[in-house]
Amino acid sequence: MRNPEESTQSRRYLQLVLVFMLALLLTACGKTEQPPAGTAAPSSPSPAPQTADSKKTQYPLKVKDATGKEFTFDKAPQKIISVSPAETEALFAIGLGDKIVGVSDYDDYPAEAKTKPKMGGIVQPNQESIIASGAEIVFTGVSMKSESVEKLRAMNINVFKVEPKTVDDVIQNVLLYGKITDHQEQAEKVVSKMKEELKKVTDGVKTVAADQKKKVYIEFSPGWTVGKGEFMDELITLSGGVNAASDITGWKQISEEKIIQANPDVILFANDVVDDKTKKSLEQLIRERSGWGEIKAVKDNRVIGLDQNKLSRPGPRLTEGLLEMARAIYPDLVK
């Protein structure tokens, strides 16, 4: 049995040890620890978010358009013309309304586009009006052929052409406009929304088995459809469908008999389109064609109209059109 004095000394020793350890801990808390040699350093904090300055375009900027022509921008253009409805929508969407000094006769979205000076058609715009505007750059899209572009360039008109074939091409064009005009942050916001809409569609239809995919026929103008190699064909694929006209390439006039043979599950058409000759709507033409009453889509009443501009303009609203298409094909999967 321990004597009382020995027990008292033991308690004092333990108290001293505890006080010493506490002092060491307090000292360590005030220092930055270095990892022992041979061990990994602790992970560094996440990088700070990009500032507004990091989003600014560095000029001079060199870029090529769809024709292969290289452009050098010494600064952001202050006077812009767009003779393509899709490009006009993209430029307005990234906040360039005050820089746009002219649009094509067909540009109607957003509403502000209707107030801009008209520069003629999308295939052959008015050269004199463009020159008189003093525009530094003219954006054009899929409707203007390369030959027409070169004719304008021969008159010292600075024409920048895009030729999107896929949804990703459209997204990249929006980002490119943002870079050219020093509106990168605004362009990224538009693209973020487009990507969200795209993901909503692809997530919704990802469970559709290959042998369960709906066969889809689309008519955007009386007697015209689209085959492989164009963005509208890709919209059908992204929506989980199979293009009934996949045996053709590009924009083509239809063979009514071939569509009957293809027997699509769903027929999509562009709303508000009226045939110049018969004055009938596109839906009327489709339903009244000889033999088309036997097509599965017609019998099941799966003939569905979509917004013609969202469907046919490869601009920032294209993914909205994609959503509408997917909902029309798979209403139970895409909400």
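You'll find the structure just up there.
Description of the structure in this document. The structure presented is a predicted model; accordingly, all values stated were derived computationally and were not measured. (Residues numbered from 1 in each chain as written. Predicted model: local features only at pLDDT ≥ 70, side-chain atom pairs only at ≥ 80, totals over all residues. Heavy atoms only, no water.)

Okay, the sheet that holds strand β5 (residues 137-140) next. Each strand in a sheet pairs with its neighbour through backbone hydrogen bonds, running either in the same direction (parallel) or in the opposite one (antiparallel). With parallel pairing, four strands are arranged side by side in an open sheet as β4-β3-β5-β6. Strands at the two margins of the open sheet, each flanked by one partner only, are β4 (100-103) and β6 (159-161). In this sheet, adjacent strand axes meet at a mean angle of 25° when their direction is disregarded. Looking at chain direction, strand β3 (residues 80-82) and β4 are connected through three bridges and run parallel. The residue of β4 that forms the bridge with Ile-80 is Ile-100. Sitting on the sheet, helix α2 (residues 85-93) touches β3, β4 and β5, and the angle it makes with β3 is about 140°. (Pairing = 2+ DSSP bridges. Helix = DSSP H or I, 4+ residues; strand = E, 2+ residues; numbered from the N terminus. Axes fitted to C-alpha atoms, helices over the stretch in contact; angles between N-to-C directions. Contact = heavy atoms within 4.5 Å.)

For the rest of this paragraph, the subject is the packing of aromatic side chains. The tally for this structure, following the rule as stated, stands at seven aromatic pairs. Relative to Phe-160, the ring of Phe-71 lies with its centre 4.9 Å away and its plane at 50°, an arrangement referred to as tilted. Residue Phe-71 is located in strand β2 (residues 70-73), and its partner Phe-160 is located in strand β6; the two are separated by 89 residues in the primary sequence. Among the residues examined, Phe-160 registers a relative accessible area of 1% and is labelled buried. Across from the ring centre of Phe-71, 5.4 Å away, lies the NZ or CZ of Lys-69, which sits over that ring. For the cation-ring pair, Arg-317 lies above Tyr-109, with the distance from its terminal atom to the ring centre recorded as 3.6 Å. (Phe/Tyr/Trp six-rings, centres within 6.5 Å; stacked < 30°, edge-to-face > 60°. Buried < 20%, exposed > 50% of the residue type's maximum accessible area, 1.4 Å probe, protein only. Lys NZ or Arg CZ within 6 Å of the ring centre and 35° of its normal.)

All right, on to helix α5 (residues 167-180) then. Taking 1.5 Å as the rise per residue, α5 with 14 residues should run 20 Å; its terminal C-alpha atoms sit 20 Å apart, in good agreement. The complete set of buried residues in α5 reads Val-167, Val-170, Ile-171, Asn-173, Val-174, Leu-176, Tyr-177, Gly-178 and Ile-180. After α5 finishes, the residue Asp-182 shows a positive phi value of roughly 60°. (Expected span 1.5 Å × (residues − 1).)

To continue, consider the layout of surface pockets. Size it by volume and the largest pocket reaches roughly 930 Å³. Lining the largest pocket are 33 residues, with Ile-122, Val-142, Ser-143, Phe-220 and Ser-312 sitting closest to its centre. Looking at the lining of the largest pocket, the elements that each hand over two or more residues are α2, α7 (231-238) and α11 (308-312). Taken together, the residues of the lining of the largest pocket sort by class into 18 nonpolar, six polar and nine charged. (1 Å grid on protein atoms, 1.4 Å probe; cavity = no way out; pocket = protein on both sides within 12 Å on 5 of 7 lines; lining within 4 Å. Points joined across faces, edges and corners; volume = space filled by probe spheres on them. Nonpolar A, V, L, I, M, F, W, Y, C, P; charged D, E, K, R; others polar.)

Read these as geometric descriptors, not functional statements.
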